[in-house]
Amino acid sequence: MIPVIDKDKCTACRKCIEICPPQAISLKDDAACIEADLCEECGFCAAECPVNAITIPFPISGR
Amino acid sequence: MTNNGSEKYPNIFQSGRIGRLISKNRIKYAATETNFPFGDGYVSDKEVAYMEAQARGGAGIVTTQGAYPDKLGEGKGFKGSMAIYDDRFIPGLARIADVIRKHDALSCLQILHCGREGGVELDYCLMPSIVPQKLSYFKPPREMTKDEIKQAISDHIEAARRAKDAGFDMVELSGIVGYLISTFISRYTNKRTDEYGGDLRSRCRLMIEIIQGVKARVGDIPVGIRLCGHELLDDRGGNTMDESIETFRIAEEAGADFLSVTVGWHESSQSVITRDVPMGHWLPVAEAVKKKVNIPVMMAFRQFFPHIPEKAIAGNRIDFWELCRPMIADPELPVKIKEGRENEIIPCVACNLCFSRLYYHQPIMCTVRPNLGHEAEEDWGYYRFYPAKKNKKIIIIGGGPAGLQCAAVAAGRGHNVILYEKKKELGGSMLLASKVDEGAIELLRPVNTLEALCRKAGVEFRLSKEYTGEMLEDMQKKKEVDAVVIASGSVFKESHNILTPHNIIAEEKKPGRNIVIIGGSGTGLGIAVFLLRNNDYRITIIEEGSKPGRDVNPFYLWQYMGLMKKKNVIFYTRSRVIETGEKTVRFACPKGEIVLNPDSIIMARSEPNKAWHNAFIDITPEVYFIGDAKKPRRLQNAIHDGYRTGMAL
Ligand SMILES: Cc1cc2nc3c(=O)[nH]c(=O)nc-3n(C[C@H](O)[C@H](O)[C@H](O)COP(=O)(O)O)c2cc1C
Ligand code: SF4
Ligand code: SF4
Ligand code: SF4
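Rules and cut-offs
- Residues numbered from 1 in each chain as written.
- Chains lettered and ligands numbered in written order.
- Predicted model: local features only at pLDDT ≥ 70, side-chain atom pairs only at ≥ 80, totals over all residues.
- Heavy atoms only, no water.
- Helix = DSSP H or I, 4+ residues; strand = E, 2+ residues; numbered from the N terminus.
- Rg over C-alpha atoms; globule rule 2.2 N^0.38 Å.
- Buried < 20%, exposed > 50% of the residue type's maximum accessible area, 1.4 Å probe, protein only.
- Contact = heavy atoms within 4.5 Å.
- Lys, Arg positive; Asp, Glu negative; His and termini not counted.
- Charge placed at Lys NZ, Arg CZ, Asp CG, Glu CD.
- Near = heavy atom within 4 Å.
- Nonpolar A, V, L, I, M, F, W, Y, C, P; charged D, E, K, R; others polar.
- Buried area = accessible area lost by both parts, 1.4 Å probe.
- Salt bridge = Lys/Arg side-chain N within 4 Å of Asp/Glu carboxyl O.
- Polar contact = N/O pair within 3.5 Å; in protein donor to acceptor, adjacent residues only side chain to side chain.
- Areas by Shrake-Rupley, 256 points an atom, 1.4 Å probe, with all protein chains shown as cover.
- Axes fitted to C-alpha atoms, helices over the stretch in contact; angles between N-to-C directions.
- Parallel < 35°, antiparallel > 145°, perpendicular 65-115°, else oblique.
- Left-handed = near helix turned anticlockwise from the far one by under 90°.
- Expected span 1.5 Å × (residues − 1).
- Pairing = 2+ DSSP bridges.
- Right-handed = clockwise from strand over helix to strand, strands pointing away.
- pLDDT = per-residue confidence, 0-100.
- Phe/Tyr/Trp six-rings, centres within 6.5 Å; stacked < 30°, edge-to-face > 60°.
- Lys NZ or Arg CZ within 6 Å of the ring centre and 35° of its normal.

Novice: An account of the overall build of chain B is needed here, citing residue identities and associated values.
Specialist: The helix and strand tally for chain B stands at 22 helices and 28 strands. Here the C-alpha radius of gyration of chain B, 26 Å, is about what a compact globule of 649 residues would show, namely 26 Å. By principal-axis analysis of the C-alpha atoms, chain B measures approximately 75 × 60 × 45 Å. Counting all 649 residues of chain B, 63% fall into the buried class. Nonlocal contacts in chain B, meaning residues at least 24 apart in sequence, comprise 71% of its contacts between residues at least 6 apart. In chain B, 89 side chains carry a positive charge and 81 a negative one; their mean positions are 2 Å apart.

The structure is reproduced here in structure tokens:
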């Protein structure tokens, strides 16, 4: 799944940008932003973000 | 269809016996965690479709992914692990047993308590004793109480009963790599002084009680176990290989009906499943087990070609051939072998992308098979490509993995495809990548398969032929082209003072002793590995990102970085080259500006070939850029781009 970035939490520290293998992340209006077309869904950015602004949605059945 | 594969590999395609059951051949699809199930442990449609593909592919036995047996999730290793700790999971599990039965295979449910690697959603994991984690990813260990041990045993027993209720033919317990059962068996992690620790037999007590309990509960269905035949933990006081082999005999004595032999722990300081490990390398470990027991013995682990297990079964070293990654890459591997279509098997390249994704809470993905996880979705074309609405005349420029994959899909859907490659050989950047280190030659396998699939689908190849703007204009006039796909790869900025990977690897140009490599992604590290494998150099690598090799799989990165460390390679990360001159490189790093004076400079950062963009974009309405021509990345991206574009055309 393509990660979701919480723009309010993001401090624009660029850590995710520096780790993203296909360089799919850039800063837009002082927050990290993922270019979906390039994202290979590796999840590295979520593991790297120091303030947990990035989450990877994981579906639950809710049964 | 012919069946000449069964004549070529009579041992693989003979029937086999496990307990009271007969399997149609000696192929077992091995347990594979996928992260396809839901986060709350229920089986998803995706998982059912994936397992059905595995069953349809022709294996005699199909194993499910490891299901965790405890309600607290201490045994849960991945966000999307399948659960079997409550009866409410039975209907979902039954769907998997049903699809396996439907395709005439035996179904095997694996029960997996991840132990040292468990508790993915907790802040601890359970272990026999507190032995700190070597891999920081995993949770801090907590010592199990006697009550917790009893609970774990009954959890396993109840899980096995649910597997039987769901309709599975057999049950497998997983006790490998750092999972609960293995942590009790290993001297490295079991320091207990009660009856569950001490000598080998006492360390095996948990396993024995689980096997005996499960057998007593489900009796008539075969129960097997996967254990480690060689821990490769000598540097941290693990079991000796003799001890590990003995554990299989103890499992047989406790009532096991079959044994799966594995090698290594996740924290072993030796790689066991990467490309540098020769095919069939671990068979002696299985053979050592086989000599000691009288029940069927099986093994996976780098047996990617059928002649290896064929010989091993004939030689009485194993009874069944297990496969995990080769069947992630192509579930139809068994049937393709059987029908003599080996050249159509989509070959696993042991890149371990699938494996790594699990640790980043992502569903598995496969470098060479983009439709993994989409087996039931028609527009992903797993079973067959949906035909194109309108047959187009398509020109594909570039015969690397991206272009070939795109051509194979587009032609498979009915388009007329001509592929131009300016070199005389197909393979693109794989021609260089396949020369970097031991085993890298395997990277040419997908190229060969894609070429075979292209030929089968009627792609026309024009090799040693550079495609030009004039040719396009001409074809356009004659209405000979509807779409152009640019898969021409990327270029390394060449200049008189700078060498390229092509110069070094293909032309075997020898750089001077002091080298600066610009770019520390996979390409840069690959060049360094290539050079350092055979000679000593003083290498400095300058990388813009925060980590060298951010695009390299961890299974390979630690090997590469080990070599770099040994050879004193210097890294500057978060650093940007400002200018290069005759034997000088000036760059900015976080500490300020630095100037180096190497003997040679190697450019390991490539760029898409912009010339194409400008030359073509105005001429044809339909132009696509894929692979490195879109953005320089890895093999996985090339193949996935090619596949998606082939489906969209
Ligand atoms: C993505 C992935 C998931 C796996 N999940 C499991 C599992 O749930 N249980 C298990 O016992 N082994 C698991 N394994 C190990 C494989 O079953 C197999 O032993 C290993 O990959 C080596 O065999 P191969 O060379 O045929 O891939 C997994 C391996 C991979 C690559
Ligand atoms: S998931 Fe991977 S590819 Fe996608 S934005 Fe994050 S780091 Fe980049
Ligand atoms: S790492 Fe986190 S905080 Fe830093 S830029 Fe990325 S999203 Fe924002
Ligand atoms: S992702 Fe790589 S290792 Fe995994 S099955 Fe595909 S090719 Fe093999």
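Novice: With reference to specific residues and values, describe the site of ligand 3.
Specialist: Near ligand 3 the following residues occur: Cys10(A), Thr11(A), Ala12(A), Cys13(A), Arg14(A), Lys15(A), Cys16(A), Ala32(A), Cys49(A), Pro50(A), Val51(A) and Ile54(A). Partitioned by chemical class, the residues of the shell around ligand 3 number nine nonpolar, one polar and two charged.

Novice: Describe the interface of chain B and chain A, with residues and values.
Specialist: The extent of an interface is frequently quoted as the accessible surface area lost upon association of the parts. Each partner contributes to the interface: chain B provides 26 residues, whereas chain A provides 25 residues. For the pair chain B and chain A, the summed buried area comes to about 2,200 Å², and 50% of that belongs to carbon and sulfur atoms. Three residues, Tyr360(B), Gln362(B) and Arg550(B), lead the burial of chain B against chain A; their summed loss comes to 28% of the area buried on that side. Run the count over chain B and chain A and you get two salt bridges. Notably, a salt bridge pairs Glu18(A) with Arg574(B), separated by 2.5 Å at the nearest N-O pair. For the side of chain B that touches chain A, the per-class residue count stands at seven nonpolar, nine polar and ten charged.

Novice: Before we move on, can you summarise the site of ligand 1 with the specific residues and values?
Specialist: Residue and element names in this part refer to chain B. Surrounding ligand 1, one finds 21 residues, the nearest of these being Ala-31, Glu-33, Gln-110, Arg-302 and Arg-325. Contact between ligand 1 and Gly-66: an oxygen atom at 3.3 Å from a main-chain N or O atom of the residue. Within the backbone of Phe-301, one N or O atom sits 3.0 Å away from an oxygen atom of ligand 1. Relative to its unbound accessible area of 610 Å², ligand 1 is 96% covered by the protein chains. A per-class count over the shell around ligand 1 returns 13 nonpolar, four polar and four charged.

Novice: Any chance you could break down the packing of helix H14 (residues 401-412) of chain B against helix H22 (residues 635-648) of chain B for me, citing the residues and the numbers?
Specialist: Residue and element names in this part refer to chain B. Direction vectors running N to C along H14 and H22 enclose 25 degrees, while the axes themselves pass 7 Å from each other. Put simply, H14 runs roughly parallel to H22. Judged by the sense of rotation from one axis to the other, the crossing of H14 with H22 is right-handed. Counted together, Pro-401, Ala-402, Gln-405, Cys-406, Val-409 and Ala-410 of H14 and Leu-635, Ala-638, Ile-639, Gly-642, Tyr-643, Thr-645, Gly-646 and Met-647 of H22 form the full contact between these two elements. In the contact of H14 with H22, the residues fall into ten nonpolar, four polar and no charged.

Novice: Kindly report on helix H8 (residues 241-254) of chain B, identifying the contributing residues and their values.
Specialist: The α-helix winds at 3.6 residues per turn, so residues separated by three or four positions along the chain end up facing the same way. Residues and elements named next belong to chain B. The first and last C-alpha atoms of H8 sit 20 Å apart over 14 residues, in line with the 20 Å expected at 1.5 Å per residue. Of all 14 residues in H8, ten are buried, a share of seventy percent or more. Within the span of H8, buried status applies to Glu-243, Ser-244, Ile-245, Glu-246, Thr-247, Phe-248, Ile-250, Ala-251, Glu-252 and Ala-254. Elements that come into contact with the buried residues of H8 comprise helix H5 (180-185), helix H6 (200-203), helix H7 (205-218), strand S10 (223-230), strand S11 (258-263) and helix H9 (283-290). Immediately beyond the C-terminal end of H8, within one or two residues, lies Gly-255, with a positive phi of roughly 120 degrees.

Novice: Now, about the sheet that holds strand S22 (residues 570-572) of chain B: what can you tell me, with residues and values included?
Specialist: Residues and elements named next belong to chain B. Strands sit in the order S19-S26-S20-S21-S22 across an open sheet of five strands; the sheet is parallel. At either margin of the open sheet sits one strand with a lone partner, and together these are strand S19 (498-499) and S22. As paired strands, strand S20 (residues 514-518) and strand S21 (residues 538-542) are joined by five bridges and run parallel to one another. Looking across to S21, one finds that Ile-517 is bridged to Ile-541. Here helix H19 (residues 522-534) sits on the sheet in contact with S20, S21, S22 and strand S26 (600-603), set at roughly 175 degrees to S21.

Novice: Break down the pattern of salt bridges for me, with residues and values.
Specialist: Residue and element names in this part refer to chain B. On inspection of all chains with the given rule, the structure shows 54 salt bridges over all chains. A salt bridge links Arg-161 to Asp-165; the shortest N-O distance between them is 2.9 Å. Linking Arg-161 with Asp-165, this pair stays in helix H4 (residues 146-165), spanning four residues, or about one helical turn. Among the ionic contacts, a cluster of salt bridges with common partners joins Asp-87, Glu-158, Arg-161, Arg-162, Asp-165 and Arg-217.

Novice: Tell me about the pairing of strand S14 (residues 393-397) of chain B, and name the residues and values.
Specialist: All names here are of chain B. Along S14, four of the five residues are buried, which leaves the element largely enclosed by surrounding structure. Of the strand pairs in this sheet, S14 and strand S15 (residues 416-420) are connected by five bridges, and their pairing is parallel. Its bridge partner lying in S15, Ile-394 is registered against Val-417. Crossover handedness for the path S14 to H14 to S15: right-handed. Two strands pair when backbone bridges link them, and S14 and strand S17 (residues 483-486) are joined in this way by four bridges, in the parallel orientation. When the sheet's bridge partners are listed, Ile-396 is paired in S17 with Val-485.

Novice: Outline the side chain of Glu322(B), listing residues and values.
Specialist: Tracing the backbone shows Glu322(B) in strand S13 (residues 320-323). Beyond its immediate sequence surroundings of up to four residues, Glu322(B) is in contact with Lys28(B), Ala30(B), Glu172(B), Arg226(B), Ser260(B), Met298(B), Met299(B) and Ala300(B).

Novice: Describe the sheet that holds strand S16 (residues 460-462) of chain B, with residues and values.
Specialist: Across a sheet, paired strands are connected by hydrogen bonds in the backbone, their directions being either parallel or antiparallel. Residue and element names in this part refer to chain B. One open sheet holds the five strands; their spatial order is S16-S15-S14-S17-S28, and the pairing between them is parallel. Edge strands, defined here as strands with exactly one partner in the open sheet, are S16 and strand S28 (622-625). For this sheet the average axis-to-axis angle between neighbouring strands, irrespective of direction, equals 20 degrees.

Novice: Go over H22(B) with me, naming the residues and quoting the values.
Specialist: All names here are of chain B. In this model H22 runs 20 Å from its N-terminal to its C-terminal C-alpha over 14 residues, within 8% of the 20 Å that 1.5 Å per residue would give. Most of H22 is tucked away: twelve of the 14 residues are buried. For H22, the complete set of buried residues consists of Leu-635, Gln-636, Asn-637, Ala-638, Ile-639, His-640, Asp-641, Gly-642, Tyr-643, Thr-645, Gly-646 and Met-647. Its buried side turned inward, H22 meets helix H13 (353-359), H14, helix H15 (430-433), S17 and S28.

Novice: Describe the confidence of the model for chain B, listing the residues and the values that go with them.
Specialist: Caution applies to low-pLDDT regions: their predicted coordinates should not be interpreted in detail. Confidence in the prediction of chain B, expressed as mean pLDDT, is 95, and 99% of residues score 70 or more. The ipTM for the predicted assembly is 0.95, set against a pTM of 0.97.

Novice: Outline the packing of aromatic side chains, listing residues and values.
Specialist: Residue and element names in this part refer to chain B. Evaluated as defined, the whole model comprises 17 aromatic pairs over all chains. Here Phe-78 and Tyr-359 contribute two aromatic rings whose centre-to-centre distance is 5.3 Å and whose plane-to-plane angle is 70 degrees, an arrangement assigned as edge-to-face. Note that Phe-78 is positioned in the loop between strand S4 (61-68) and strand S5 (82-83) and Tyr-359 in helix H13, a separation of 281 residues in sequence. We classify Phe-78 as buried; its relative accessible area is 4%. Clustering of aromatic rings is evident, with ring pairs tying together Phe-78, Tyr-137, Phe-138, Phe-355, Tyr-359 and Phe-555. Lying over the aromatic face of Phe-304, Arg-302 brings its terminal NZ or CZ to 5.0 Å of the ring centre.

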